[in-house]
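Structure at a glance
What follows is each chain in one-letter form.
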Amino acid sequence: MGLDDKIKNAAQDVAGKAKEAAGKATDNERLEAEGHKDQTAANVKKAGENVKDAFK
């Protein structure tokens, strides 16, 4: 994966953390869940990058 993909994944993770925190602060379960989902997606992408990098 390229550097730009890694940056996008990191940004998605940070955005997910922000959404989750905002959801907790406002008692908005939907926003909190959406933030958690974004973080999970970013982590899955990071894991895929690590596997690809291991085989280079």
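In this text, all values refer to a predicted model and were calculated from it rather than measured experimentally.

Further remarks concern the overall build of the protein chain. In terms of regular secondary structure, the protein chain is built from two helices and zero strands. Here the C-alpha atoms of the protein chain give a radius of gyration of 13 Å, more than 25% beyond the 10 Å that 2.2 N^0.38 yields for 56 residues. Considering only C-alpha atoms, the protein chain reaches an extent of 45 × 15 × 10 Å along its principal axes. Of all 56 residues assigned to the protein chain, the portion counted as buried reaches 18%. Taking as baseline every contact in the protein chain between residues at least 6 positions apart, the subset at least 24 positions apart corresponds to 51%.

Note on placement: Q39 falls in helix 2 (residues 29-54). Q39 has contacts with D13, G16, K17 and E20, leaving out every residue within four places of it along the chain.

What follows is about the pattern of salt bridges. Going through the model one piece at a time under the given rule, you end up with seven salt bridges. Here K19 ties to E34 by a salt bridge, and the two come within 2.7 Å at their closest N and O atoms. Taken together, the residues span a long stretch of sequence, with K19 in helix 1 (residues 3-26) and E34 in helix 2 at a distance of 15 residues. Of the residues examined, K19 reaches a relative accessible area of 27% and is grouped as partly exposed. Salt bridges here are not isolated pairs; linked through shared partners, they connect K19, R30, E34 and D38.

Further remarks concern the packing of helix 1 against helix 2. Two quantities define a packed helix pair, namely the angle between the axes and the distance from one axis to the other. Where helix 1 meets helix 2, the axes come as close as 7 Å, and the angle between the chain directions of the two elements is 155 degrees. By the angle between their directions, the pair helix 1 and helix 2 is classed as roughly antiparallel. For the element pair helix 1 and helix 2, the recorded crossing hand is left-handed.

Now for the environment of A21. Following the sequence through the fold, A21 ends up in helix 1. The partly exposed category is assigned to A21, whose relative accessible area is 44%. Taking C-alpha positions, A21 is 6.9 Å from E32, a pair spaced eleven residues apart along the chain.

What counts, and where the lines are drawn
- The residue numbers shown here count from 1 along each chain, following its written sequence.
- Reporting of local features is limited, given that this is a predicted model, to residues whose pLDDT is at least 70; pairs of side-chain atoms are given and counted only at 80 or more, and all residues count toward the totals for whole chains, interfaces and linings.
- As a rule here, side-chain values cover all heavy atoms of the structure and leave hydrogens and water aside.
- In this description a helix means any DSSP run of H or I spanning at least four residues, a strand means any run of E spanning at least two, and both kinds are numbered starting from the N terminus.
- Only C-alpha atoms enter the radius of gyration, while the globule expectation follows 2.2 Å times N to the 0.38, with N the number of residues.
- Burial status follows relative accessibility: with a 1.4 Å probe on protein chains alone, a residue under 20% of its type maximum counts as buried, one over 50% as exposed, and anything between as partly exposed.
- Contacts between residues were defined by any pair of non-hydrogen atoms, one from each residue, lying within 4.5 Å.
- Counted as salt bridges are all cases of a side-chain nitrogen of Lys or Arg within 4 Å of a carboxyl oxygen of Asp or Glu.
- Lines fitted to the C-alpha atoms define the axes, with helices restricted to the stretch that makes contact. Angles between their N-to-C directions range from 0 to 180 degrees.
- The scheme is simple: roughly parallel for angles under 35 degrees, roughly antiparallel for over 145, roughly perpendicular for 65 to 115, oblique for anything else.
- Here a crossing is taken to be left-handed if its near helix is turned anticlockwise relative to the far helix by less than a right angle, and right-handed if that turn runs clockwise.

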